Amino acid sequence: MHAPLAMTDQSDWLPSLKYFNFIRVATKSIQNVFRNDYHFERTYVQTVSLSHVKNEMSPNFKTTRRDLYGNANFLVNSRFDQQKDIPYAIKLMDRLVNQMGRKDFRFFVNGYGPGKTMLENLINFYGLQYYVFMNERQPDNYMYLSTARVETLGYSIAEEFAEGHAVVSYPGDDGVVRENYDNFQNCLWITKNISDDALQVIQFADQYNSLDGYKANLDRLAEFTDNYVKYFEENTSIVEDAEMPEHSVNLDDLLDTIETTSLADELTKYRKIYYKMKKMPLIGKIVSNTTLKSTAMKLLSTVTGKGKSKGEAAVQVDPNKFFVESFHGENFSGDPKYLALGIKKRYPNAQIYVSCVNQLVENAVSNYGFKPVKIGTLGYLQAFKKCKYVFINGNSLDKVGKQPEQIFVQTWHGFPMKKMVNDLENSKQRKEESNDFAPRMLKWNYLITSSAYNTELLSSAFDLKKNHELSILEHGTPKNAFLIKNKVNSRKKAAIYQKYFNKPYDPKQKIVLFCPTWRKDKRDSVSDLDLREVIKQLPVNYEMIVKLHPLESNLREYYSDLDSRINCFYNELVDIQELYLLADVLISDYSSAMFDYANLNKPIIVMQEDEENYKENIGWYFDINETCHLSGRKYNESELAAEIYRVTTEEQDLDYDRLIKEKLLTNENADATEKILDEILSEKQSIAQ
């Protein structure tokens, strides 16, 4: 068994262990997992063969770790997928080159895979085009860099040791890589603490490769291959009987399963085209039409041959599997994220799948130890249908349906100020959205709200009375429980600053967070103001973060290039609750961001540039001035800069924060996650006991 255990779905292979006479595993620690967790004893430890590696001195061995120009070069040969975690290596380069001024470091990335575009975007985002190179001629002298999350051996590491190169490696989340190479020399083990790692690699690059260490490494590599077949024979010579399957495998059924899988994959490429077209002006409205979409799907089913099949029958759900989707997989944040973290804390062995639109989100999800699944793919559909518990903060994909005994938990992503669905002012839009929304809402078993008033508004917007199976939990929201717990936590704030800016936090820094809400019509900017002029009029210790709505992520490049003090991060990597903790002031318009932010007792500026138009087409549930004493207005650049400076330097009467909490978010509390999980998972807990 060569795949890392963390990358497998145990339910796919665990029931079949009893049919095997022997299982070969890569390390002692993996063997212990089989013995202790799976109660399976018929294992033996042996790596895959390294017979292709030459155990002889390379003529290219060099004692120095720098090239002729004095540069310290890193190199990796890798697939471009989330398991390899190359984004961490790029972030390490940002720390070395941009934050520490070490222009003598280079990184050569050679490989292939679906993450290539994502890696190129990160290189451009950090401004490392002259320091990180993709698939270019590798240097003669380099240190091999491995940041993979999990491996069972690390083929490339073995090959680089054999060539005499120094190796900088992460031990693996499970420690298996270090278990394989712990006694090797000319090697540095990093921890993925970026501050420590940067200092360690600088020292390592200035040291010399040991010739004796190289010879010792060759001897150790030989141990992987010496007597390989003999060792295999010794460990499998005494055959222990395995169980026989109760039923023989029917070849026709097997081929039918393979064919169904292939046809499902065939539809994936059409879904990708549909999602791209849906975001286009004019075309998006056409392809989103329910009748047209249904007709197109029937046509594609005919063309590809994928109609109703045995693969679409009801699936037995697993109470130890959880599916989490926030913002349709656009990022990993909000209530679904904090519920997932709460579940992991309660049930460390639970399998938690998280929906992702691309590798940026996959990478963020993997950092928490969860299983990323690409939205709309066959793997997504299979994982979704197996999970008993589904946590979402918007609509689920219609095509995944709902399995018997599956439990849907709707956390809705914001407290509504602007009208939605059944309450929209525009009658045509109201009819279209209510017809589309109704069948999705009927899937919900639970709805999480922050107050009785929150429940009242959502009941009106979504016509909740039609769902007779729905339980509404007014326990507060997990995302705001995070804010309440950490609002005076300086260490958490410093860690968040480090995450986004990749440098140590300076308490003198002032962060202005601008969170404009989404507009249905496509636009080229989120404000009429010149934000460059705004930041120019503020002291040099002020920086601005523009947090775009996920549906306006296409504007990120424009805002990230405006000014060195204006930051616009990839939405896929952003958790807005973390940005709230960082910010000294929030600027918003009609976004529910202002309500969540009020939990921190910090100043809010409401900037409304199209109030009358918005009111006429969308409408409000309440007047924020009357209800919360929070008034909005239109600003010019000088006025906005002056207001930002005033509210961040003078003591403020934040009456609006108090009123928001007293009138709108009455039930927000630090224990919301625990209360919600106690209620939803009560059946699971009773079974476990």
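Residues numbered from 1 in each chain as written. Predicted model: local features only at pLDDT ≥ 70, side-chain atom pairs only at ≥ 80, totals over all residues. Heavy atoms only, no water.

1. Structural notes on the overall build of the chain
Link 1 in the chain: Broken down by element type, the chain carries 29 helices and 21 strands.
Link 2 in the chain: Burial statistics for the chain: of 689 residues in total, 53% are counted as buried.
Link 3 in the chain: Approximately 32,900 Å² of the chain is accessible, and the part contributed by carbon and sulfur atoms is 50%. (Helix = DSSP H or I, 4+ residues; strand = E, 2+ residues; numbered from the N terminus. Buried < 20%, exposed > 50% of the residue type's maximum accessible area, 1.4 Å probe, protein only. Areas by Shrake-Rupley, 256 points an atom, 1.4 Å probe, with all protein chains shown as cover.)

2. Remarks on the environment of Pro478
Link 1 in the chain: Along the chain, Pro478 turns up in helix H18 (residues 478–486).
Link 2 in the chain: Between the C-alpha atom of Pro478 and that of Asp335, which follows or precedes it by 143 residues, the distance is 5.2 Å.
Link 3 in the chain: Beyond its immediate sequence surroundings of up to four residues, Pro478 is in contact with Asp335, Tyr338, Leu339, Ala672, Thr673 and Ile676. (Contact = heavy atoms within 4.5 Å.)

3. A word on a nonpolar patch on the surface
Link 1 in the chain: On the surface, a cluster of nonpolar side chains totalling about 410 Å² of accessible area is made up of Val249, Leu251, Leu254 and Leu255.
Link 2 in the chain: Structurally, Leu254 can be placed in helix H10 (residues 251–278).
Link 3 in the chain: When its relative accessible area of 42% is taken as the criterion, Leu254 is described as partly exposed. (Patch = residues over 30% accessible without salt bridge, like charges linked within 9 Å, V, L, I, M, F, W, Y side chains within 5 Å. Salt bridge = Lys/Arg side-chain N within 4 Å of Asp/Glu carboxyl O.)

4. Observations concerning the environment of Asn55
Link 1 in the chain: Its place among the elements puts Asn55 in the loop between strand E2 (43–45) and strand E3 (72–79).
Link 2 in the chain: Note on Asn55: relative accessible area 36%, which makes it partly exposed.
Link 3 in the chain: Ignoring anything within four residues of it in the chain, the contact list for Asn55 reads Leu218, Leu221, Ala222 and Thr225.

5. Some points on the packing of helix H13 (residues 334–346) against H18
Each pair of packed helices can be described by the angle between their axes along with the distance between the axes.
Link 1 in the chain: Look at H13 against H18: their axes get within 7 Å of each other, and the N-to-C directions meet at 75°. Overall, the two elements H13 and H18 adopt an arrangement that is roughly perpendicular. Residue-level inspection shows Gly334, Asp335, Tyr338 and Leu339 of H13 in contact with H18, the latter providing Pro478, Lys479 and Phe482.
Link 2 in the chain: Looking at the contact of H13 with H18 residue by residue, the classes come out as 4 nonpolar, 1 polar and 2 charged. (Axes fitted to C-alpha atoms, helices over the stretch in contact; angles between N-to-C directions. Parallel < 35°, antiparallel > 145°, perpendicular 65-115°, else oblique. Nonpolar A, V, L, I, M, F, W, Y, C, P; charged D, E, K, R; others polar.)

6. Considering the pattern of salt bridges
Where charged atoms of side chains with opposite charge meet at close range, the side chains can pair.
Link 1 in the chain: Applying the stated rule across the entire model yields 25 salt bridges.
Link 2 in the chain: Glu41 serves as the salt-bridge partner of Arg35, at 3.5 Å between the closest nitrogen and oxygen.
Link 3 in the chain: The partner of Glu674 in a salt bridge is Lys485, with the nearest N and O atoms 3.8 Å apart. Of this pair, Glu674 sits in helix H28 (residues 672–680) while Lys485 sits in helix H18; the two residues are 189 residues apart in sequence, bridging distant segments of the chain.
Link 4 in the chain: Among the charged side chains, a salt-bridge network with shared partners connects Arg66, Arg102, Asp104 and Asp206.

7. Here's the deal with the packing of helix H5 (residues 155–163) against helix H8 (residues 211–225)
Link 1 in the chain: Here H5 crosses H8 at 135°, and the two axes come no closer than 8 Å. The angle between the axes of H5 and H8 places the two elements in the oblique class. Crossing angle aside, the handedness with which H5 passes H8 is left-handed. On H8, the residues touching Ala158, Phe161, Ala162 and Glu163 of H5 are Tyr214, Asn217, Leu218 and Leu221.
Link 2 in the chain: Residues belonging to the contact of H5 with H8 are distributed by class as follows: 6 nonpolar, 1 polar and 1 charged. (Left-handed = near helix turned anticlockwise from the far one by under 90°.)

8. Concerning the sheet that holds strand E15 (residues 471–473)
Link 1 in the chain: The strand order across the open sheet formed by 7 strands is E11-E10-E9-E12-E13-E14-E15, and the pairing between neighbours is parallel. Of all strands in the sheet, those with a lone pairing partner are strand E11 (371–374) and E15, marking the two edges. Geometrically, the sheet is characterised by an average inter-axis angle of 25° between neighbouring strands, direction not taken into account.
Link 2 in the chain: Seen against the sheet, H13 touches strand E9 (318–325), strand E10 (351–356), strand E12 (387–392) and strand E14 (446–448) and runs at an angle of roughly 150° to E9. (Pairing = 2+ DSSP bridges.)

9. Quick notes on the packing of aromatic side chains
Link 1 in the chain: The full count for this structure, using the stated rule, is 40 aromatic pairs.
Link 2 in the chain: Seen from their ring centres, Trp13 and Tyr38 are 5.4 Å apart, and the 80° between their planes marks the pair as edge-to-face. You can see Trp13 sitting in helix H1 (residues 10–13) and its partner Tyr38 sitting in the loop between helix H2 (28–36) and E2, a full 25 residues away along the chain.
Link 3 in the chain: Accessibility expressed as a relative area gives 15% for Trp13, which makes it buried. (Phe/Tyr/Trp six-rings, centres within 6.5 Å; stacked < 30°, edge-to-face > 60°.)

10. Thoughts on the nonpolar core
Link 1 in the chain: Residues Phe323, Tyr380, Trp444, Phe462, Met594, Phe595 and Phe622 are the most contacted members of the largest nonpolar core, which totals 68 residues.
Link 2 in the chain: The element contributing the most residues to this core is helix H22 (residues 576–582), with 5 residues.
Link 3 in the chain: Discounting chain neighbours no more than four positions away, the residues touching Met594 are Met417, Leu586, Ser588, Asp589, Ile604, Val606, Ile624, Leu630 and Ile660.
Link 4 in the chain: Counting residues in hydrophobic clusters, the runner-up holds 60 residues, among them Tyr88, Ala89, Tyr144 and Leu153. (Core = buried A, V, L, I, M, F, W, Y, C linked by side-chain atoms within 4.5 Å.)

11. Some words on the environment of Pro507
Link 1 in the chain: With respect to the helices and strands, the residue Pro507 is situated in the loop between helix H19 (490–501) and strand E16 (510–515).
Link 2 in the chain: Once the C-alpha coordinates of Pro507 and Ser490 are considered, the two residues, 17 residues apart in sequence, prove to be 9.3 Å apart.

12. Focus: helix H7 (residues 194–205)
The periodicity of an α-helix, 3.6 residues per turn, causes residues three or four places apart in sequence to face the same way.
Link 1 in the chain: Between the first and last C-alpha of H7 there are 16 Å, a value that for 12 residues agrees with the 16 Å anticipated at 1.5 Å per step.
Link 2 in the chain: Within the span of H7, buried status applies to Ile194, Asp197, Ala198, Val201, Ile202, Phe204 and Ala205. The arc enclosing the buried residues of H7, seen along the axis, measures out at 165°, which places them on a common side. (Expected span 1.5 Å × (residues − 1). Arc of directions from axis to C-beta.)

13. Some points on the sheet that holds E16
Link 1 in the chain: Taken in spatial order, the 6 strands line up as E18-E17-E16-E19-E20-E21 in an open sheet, and their pairing is parallel. Only two strands of the sheet have a single partner each, and these edge strands are strand E18 (566–567) and strand E21 (632–633).
Link 2 in the chain: Most of the contacts of H19 go to strand E17 (residues 542–546), to which it runs at about 70°, and overall it touches E16, E17 and E18.

14. Some thoughts on unusual backbone geometry
Phi is mostly negative for residues that are not glycine, and the peptide bonds are mostly trans.
Link 1 in the chain: Of note, Asn227 is a non-glycine position whose phi angle comes to about 55°, a positive value.
Link 2 in the chain: Structurally, Asn227 is set in the loop between H8 and helix H9 (228–236).
Link 3 in the chain: Even without being a glycine, Glu405 presents a positive backbone phi close to 75°.
Link 4 in the chain: Mapped onto the fold, Glu405 is located in the loop between E12 and strand E13 (407–410).

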